[in-house]
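# Observations on the three-dimensional arrangement
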Amino acid sequence: RDAPARAVAALRTAAAAALTPAMRAQLGFLEILRDTLPGHILVGDSTQPVYAGNLGFAAATPASWFNSSSGFGTLGYALPAANGASVAQPRRPVVALAGDGGLQFTLQELGGLRDLGGHVALIVWNNRGYGEIKTAMIDAGIAPQAVDLAPPLLPELASAYGLPYRLVRGEPDLRAALRQFAAARSPLLIEVDAGAFG
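Keep in mind that what you see is a predicted model, and the values were worked out from it rather than measured. (Residues numbered from 1 in each chain as written. Predicted model: local features only at pLDDT ≥ 70, side-chain atom pairs only at ≥ 80, totals over all residues. Heavy atoms only, no water.)

### Describing the pairing of strand β4 (residues 120-126)
Of all seven residues that make up β4, seven are buried, and the element is covered over most of its length. Side chains of β4 alternate between two faces, with V120, L122, V124 and N126 and A121, I123 and W125 buried alike. Pairing analysis gives six bridges linking β4 to strand β6 (residues 188-193), with the strands arranged parallel. Paired with W125 across the bridge in β6 is V192. (Buried < 20%, exposed > 50% of the residue type's maximum accessible area, 1.4 Å probe, protein only. Helix = DSSP H or I, 4+ residues; strand = E, 2+ residues; numbered from the N terminus. Pairing = 2+ DSSP bridges.)

### Brief notes about the packing of aromatic side chains
Per the stated rule, a full pass over the model turns up five aromatic pairs. Between F66 and Y77, the aromatic rings sit 6.4 Å apart at their centres with planes inclined by 85°, giving edge-to-face as the arrangement. Of the two residues, F66 is situated in strand β2 (residues 65-67) and Y77 in the loop between β2 and α4 (78-88); the sequence distance between them amounts to eleven residues. For F66, a relative accessible area of 29% translates into the label partly exposed. An aromatic cluster of at least three residues, connected via ring pairs, comprises F29, W125 and F197. (Phe/Tyr/Trp six-rings, centres within 6.5 Å; stacked < 30°, edge-to-face > 60°.)

### Quick notes on the nonpolar core
With 27 residues, the main nonpolar core has F29, L30, I123 and I190 as its most contacted residues. Residue assignment for this core shows that the elements contributing at least two residues are α2 (21-36), α3 (48-56), β3 (94-99), β4, α9 (171-184) and β6. Of all the elements, α2 adds the most residues to this core, at five residues. In this view, F29 contacts P49, L97, I123, W125, L174, V192 and F197; residues no more than four positions away in its chain are not counted. (Core = buried A, V, L, I, M, F, W, Y, C linked by side-chain atoms within 4.5 Å. Contact = heavy atoms within 4.5 Å.)

### Points about the side chain of Q48
Mapped onto the fold, Q48 is located in helix α3. Of note is the side chain of Q48, whose polar atom sits 3.1 Å from the side chain of W125. In contact with Q48, other than residues within four places in its own chain, are Q26, W125, N127, G131, E132 and T135. (Polar contact = N/O pair within 3.5 Å; in protein donor to acceptor, adjacent residues only side chain to side chain.)

### Some thoughts on the packing of α4 against helix α6 (residues 109-116)
Viewed as axis vectors pointing N to C, α4 and α6 meet at an angle of 20°, and their least axial separation amounts to 9 Å. Considered as vectors, α4 and α6 are oriented roughly parallel to each other. Every pair of crossing elements has a handedness; the one defined by α4 and α6 is left-handed. Contact residues: α4 offers L79, P80, N83 and V87, while α6 offers E109, L110, G112, L113 and L116. Of the residues in the contact of α4 with α6, the class split is six nonpolar, two polar and one charged. (Axes fitted to C-alpha atoms, helices over the stretch in contact; angles between N-to-C directions. Parallel < 35°, antiparallel > 145°, perpendicular 65-115°, else oblique. Left-handed = near helix turned anticlockwise from the far one by under 90°. Nonpolar A, V, L, I, M, F, W, Y, C, P; charged D, E, K, R; others polar.)

### A word on the pattern of salt bridges
In the structure shown here, the tally under the stated rule is five salt bridges. Between D35 and R34 there is a salt bridge whose closest N-O contact spans 2.8 Å. Since its relative accessible area comes to 19%, R34 is described here as buried. In this structure, E171 engages R175 in a salt bridge whose closest nitrogen and oxygen atoms are separated by 3.0 Å. Within this pair, E171 and its partner R175 are both found in helix α9, separated by four residues, close to a single helical turn. (Salt bridge = Lys/Arg side-chain N within 4 Å of Asp/Glu carboxyl O.)

Written out as structure tokens, the structure reads:
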């Protein structure tokens, strides 16, 4: 009975060792979300921490982590899916994790976030472009093309939809924003400076 458990532990160790330092930092970011917001549902878009999470994130409970970051993931998935999860599970806090690029595919869902008034935090991983695609191009020896972009002005965007806004530039800011979200039980747009988390 111990042999399979040892084999799994060895595989986990080897898989963790194969992750890049940036991916390990992104996993740490996801773990802060998990540990600070017990019982929440985390919905991911095609963004760097979600791709890293698919390689090594341990969700707290079943049915608390789902995303579109598999192969040719669907950009813009997180916010509409989080709105739906909030309608289906109104007692559970929901976090939508999207990149600044992916969010622009479904910006209109900010209206749904406001109008539904659910307990949903939209966390925007702002790396000023399509960071996951850029990394893949560099890793493949391809000069990055069409992956750097100027993100929308997120404070103004939140204001336009009547949503509260927080800027996160490190772990203390993140924990404070998550505590605010947990206490308010209402929508919140959180912009994360991706450079602060690897």
